[in-house]
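# Chain and residue survey
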Amino acid sequence: MKDRHGTPFCDGGLLRETAEKSIRWLEALPFRRVGPWASAEELRKCLGGSLNEEGMNPSEVLSFFSQEAEPGLTGSPGPRYFGFVTGGALPASLAADWLSSAWDQNAVLAVSSPAASAAEDIVSEWVLDLLGLPPESSVGFVTGCQMANFTCLAAARHEVLRRSGWDVEKDGLQGAPRVTVIAGEEAHATLLVALRMLGLGTGNVISVPVDGQGRMVPEKAEEALKTASGPVILCLQAGNVNTGSFDPCAEIIPAAREKGAWVHVDGAFGLWGRVLPSLDHHTRGIELADSWATDAHKWLNVPYDSGIAIVRNGAAHRASMALNAPYYIAGEGEVRDPSQWVPESSRRARAFPLYCGLKSLGRKGVLEMVEQNCRQARLMASLLSDDPMVTILNDVVLNQVLVRFSCPGSDSDAFTRMVTAAVQEEGTCWAGGSVWKGMAAMRISVSNWATSDDDITRSADAIRSVLGKAAKR
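Residues numbered from 1 in each chain as written. Predicted model: local features only at pLDDT ≥ 70, side-chain atom pairs only at ≥ 80, totals over all residues. Heavy atoms only, no water.

Turning our eyes to something else, we now look at the sheet that holds strand β9 (residues 400-405). The pairing of strands in a sheet happens through backbone hydrogen bonds and is either parallel or antiparallel. Across the sheet, 4 strands lie side by side as β8-β9-β11-β10; this open sheet has antiparallel pairing. Of all strands in the sheet, those with a lone pairing partner are β8 (390-392) and β10 (432-436), marking the two edges. The average undirected angle you get between the axes of adjacent strands in this sheet is 40°. Where β8 and β9 come together, 3 bridges link them in antiparallel fashion. Across the sheet, Ile392 pairs through a bridge with Val403, a residue of β9. Most of the contacts of helix α13 (residues 351-385) go to β8, to which it runs at about 145°, and overall it touches β8, β9 and β11 (439-445). Strands β9, β10 and β11 of the sheet are contacted by helix α14 (residues 412-426), whose axis makes an angle of about 120° with β9. (Pairing = 2+ DSSP bridges. Helix = DSSP H or I, 4+ residues; strand = E, 2+ residues; numbered from the N terminus. Axes fitted to C-alpha atoms, helices over the stretch in contact; angles between N-to-C directions. Contact = heavy atoms within 4.5 Å.)

See below:
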């Protein structure tokens, strides 16, 4: 079968050609410069211009696009990319992601894709079991932790207002009882954006002081809970984006329970620390919360985009997300309609890569992957801290290493930013800049299944070499 341009409905040659290009890209990742060669502006010049009047041969389009776009690609799936807590892509997850695109399922309802529905059900059970979270919890599969936070907090908003006699889905927020939101000073920006999108705002969030590692101070959290009035949502954090630290959930959540507050945990990457018994003193008590948000494209190493929203109270979760239309044929009985648990209607079958990735790893593989990256973060910190111009600003409790550089006679903030930029330009590895307690820092996030100890050693050597050259300028 061909379309009106004579292009085969299934162009096997084009797909095989594209697969070969993809394989060459992946095979080169361990050896190529990690950062991009070209800027966005340069790429606009190469790729832009007016849209052609006549269509082009698909093979020519793909060849042109791949050749011109590649200089602007970051080697983020590779083993020495340490920016933004970015995972790689497990082979089984990547292959399943390709299948997902080829199958092109609309995971809106069970009737539109029974396979997508079943995969979500199964992955939900596996994730809850792995993380030691209440098995009765409901799970939604979204784009990332931004939307996972949004989904969980929508369920929270529904439930705390329902208890106050208000139907927020029907009547909105105008005239509703005021919802008090409590969060730590180190709450992640995506959580605050979620509050903004939900109409709860950010200006009136009660901000709880944190300690030197970014952990919420329990006594201060209890004070905030005692003074709060009306419906209350408490937001805790598992894995500070700079230090990797955890709010002390076991100490704080009992006080929230006494208050009748809904407790949400933002665990974009840190929630996966639950799989390691050695981290129990950090993760204990997380299971007592009401909702949890996490990413799969971070530490679970599923291709972008993939996030997970988990809610203990399935009724609140569904009430806040459910949609109805005359042409939506709801599944019967316990059949899962994926769109009833997320903000989206039409959506790709995100559970396929998750299913295959988890199946390929098994419980032991997930544990070993998280454990390996934590150990490698400690190795990186140890190798860098041997240099007197390096200060490790955090206790390396997870996979985050926060580095500050200093040189006699130089402003340490400016020097740290200069070294970070020089490391990115040198290309052996890539780590991003950050600010911690008002100080410039370089943030190293070890989150890739493919990162080896040799990658850590090579990267540390490159960073120290760049540092030495910078100090001589």
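Here the focus is the nonpolar core. Ranked by internal contacts, the top residues of the largest apolar core, which has 91 residues, are Ile233, Leu236, Leu300, Ile308 and Ile310. With 10 residues, the top contributor of residues to this core is helix α6 (residues 145-163). Other than its neighbours up to four places away in sequence, Ile233 contacts Leu153, Ala156, Arg157, Val160, Val179, Thr180, Val181, Ile182, Leu200 and Trp262. Within the second largest apolar cluster, 27 residues are counted, among which are Leu384, Cys429, Ala431 and Ala470. (Core = buried A, V, L, I, M, F, W, Y, C linked by side-chain atoms within 4.5 Å. Buried < 20%, exposed > 50% of the residue type's maximum accessible area, 1.4 Å probe, protein only.)

The N-to-C vectors of α13 and helix α15 (residues 453-472) enclose an angle of 30°; their axes lie 10 Å apart at closest approach. Taken together, the axes of α13 and α15 lie roughly parallel to each other. Here α13 and α15 pass one another in a crossing that is right-handed. Residues Arg375, Gln376, Leu379, Met380, Leu383 and Leu384 of α13 form the contact with α15, whose participating residues are Asp453, Ile456, Thr457, Ser459, Ala460, Ile463 and Arg464. (Parallel < 35°, antiparallel > 145°, perpendicular 65-115°, else oblique. Left-handed = near helix turned anticlockwise from the far one by under 90°.)

As a general feature of sheets, a regular strand has side chains that alternate between the two faces. Of all the 6 residues making up strand β4 (residues 232-237), 6 are buried; the element is thus mostly covered by neighbouring parts of the structure. Alternating positions in β4 separate into two faces, Val232, Leu234 and Leu236 on one and Ile233, Cys235 and Gln237 on the other, with burial throughout. When strand β2 (residues 180-184) meets β4, the two strands line up parallel, connected through 4 bridges. Looking across to β4, one finds that Ala183 is bridged to Cys235. Chirality of the crossover, the property in question, places the unit of β4, helix α10 (residues 249-259) and strand β5 (residues 262-266) among those that are right-handed. (Right-handed = clockwise from strand over helix to strand, strands pointing away.)

To continue, consider the pattern of salt bridges. What the rule picks out here adds up to 22 salt bridges. For Arg33, the salt bridge is made with Glu425, and the minimal N-O distance between the two is 3.7 Å. With Arg33 in the loop between α1 (12-28) and α2 (40-47) and Glu425 in helix α14, this residue pair connects regions lying 392 residues apart in the sequence. On the accessibility criterion, Glu425 (55% relative accessible area) is exposed. The partner of Glu368 in a salt bridge is Lys364, with the nearest N and O atoms 4.0 Å apart. Within this pair, Glu368 and its partner Lys364 are both found in helix α13, separated by 4 residues, close to a single helical turn. For Glu368, a relative accessible area of 41% corresponds to the partly exposed category. (Salt bridge = Lys/Arg side-chain N within 4 Å of Asp/Glu carboxyl O.)

By themselves, these figures tell us nothing about what the structure is for.
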